[in-house]
Amino acid sequence: MRKSLMAGNWKMHTTREDACRLAEEVMKHCPTFADREVLLAPPYTVIAAVAETVSGSDIIVSSQNVCWEEQGAFTGEISPVMVKDAGGSAAIIGHSERRQLFFETDTLINQRVKGALDFDLMALLCVGETLTERESGQMLNVLETQIRNGLAGVRAEQMARVVIAYEPVWAIGTGKTASKEQAQEAHAFIRELISKLFEKNVAEQMRILYGGSVKPTNVDELMAQPDIDGALVGGAALDAESFGRIINYQKN
Ligand code: PGA
């Protein structure tokens, strides 16, 4: 049984006061769950404040990116050691905004994934196709390339700390969610690919999250799909009521 993971990506939102308030409100929606985990990814400047706010709870705190080196001349980067020092234990890597707006390549993303894993962080690798790629029949190729390259050199025993987030670019922040069938198709493909690249049991244990306009109104049907193990939520994670409802999805 895979524990589901409900992740909130706050992107470039919240100052310290907003962040602490939001984290406190989210905590009210998190009883101790046996079957699911909750993760918050605030901006770097408030990782420590959020980690302190949620300390004593089971909430996982994550950064929104991470460098592969412990320290050094990498202006503008954050090291895995710094993430841990601030109270984080996970990193989102390869988000489509990083790929598209900041030109992060599969090679760079792969270095980040390996760096995160080498320093014992959970690595949430984001993959997803654009609308043009989907409409031209390239979706599966794009996913396969991003995953093969993103996970190159990762060892099977490290895969327990890898989570893949399937986020179709056309669904992020647009209000257009992939249908449950479209999401399930991509997730099943990803699981099959992981089983080819590693082993069947690695694929069966790995969590695959869906991201892209997840809302209280669509989370239940998405989470009812056999290969959807959680959600990576942007906009709706900035509102504690909405994210609370998402965390408390009902699988029926
Ligand atoms: P969204 O963002 O929920 O606002 O579509 C998801 C994401 O970018 O992770």
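Up top is the structure.
For clarity, every value in this text was computed on a predicted model and none was experimentally measured.

Thresholds, definitions, all that
- Residues numbered from 1 in each chain as written.
- Predicted model: local features only at pLDDT ≥ 70, side-chain atom pairs only at ≥ 80, totals over all residues.
- Heavy atoms only, no water.
- Pairing = 2+ DSSP bridges.
- Helix = DSSP H or I, 4+ residues; strand = E, 2+ residues; numbered from the N terminus.
- Axes fitted to C-alpha atoms, helices over the stretch in contact; angles between N-to-C directions.
- Near = heavy atom within 4 Å.
- Polar contact = N/O pair within 3.5 Å; in protein donor to acceptor, adjacent residues only side chain to side chain.
- Buried < 20%, exposed > 50% of the residue type's maximum accessible area, 1.4 Å probe, protein only.

A.B. asks: Is there a simple way to think about the sheet that holds strand β5 (residues 122-127) in this case?
C.D. replies: Working definition: the strands of a sheet are paired by backbone hydrogen bonds and lie parallel or antiparallel to each other. Reading around the circumference, β1-β2-β3-β4-β5-β6-β7-β8 is the order of the eight strands in this closed barrel, with parallel pairing throughout. Recorded for the sheet is a direction-independent mean angle of 25° between the axes of neighbouring strands. Alignment of β5 against strand β6 (residues 162-166), held across five bridges, turns out to be parallel. Looking across to β6, one finds that Leu124 is bridged to Val163.

A.B. asks: Can you walk me through the site of the ligand in this structure?
C.D. replies: By nearness alone, 13 residues border the ligand, and Lys11, His95, Glu167, Gly173 and Ser213 come closest of all. Between His95 and the ligand, the recorded distance is 2.7 Å, taken from a side-chain N or O atom to an oxygen atom. With respect to the ligand, the backbone of Gly235 contributes an N or O atom lying 2.8 Å from an oxygen atom.

A.B. asks: Sorry, what's going on with unusual backbone geometry here?
C.D. replies: In terms of backbone geometry, most residues other than glycine have negative phi values and most peptide bonds are trans. The backbone of Phe103 shows a phi angle near 55°, a positive value even though the residue is not glycine. Residue placement: Phe103 occurs in the loop between α4 (96-101) and α5 (106-118). For Ser213, which is not a glycine, the phi torsion comes out positive at approximately 55°. By the secondary structure assignment, Ser213 is in the loop between β7 (207-211) and α10 (219-223). Classification of Ser213 by relative accessible area gives buried; the value is 13%.

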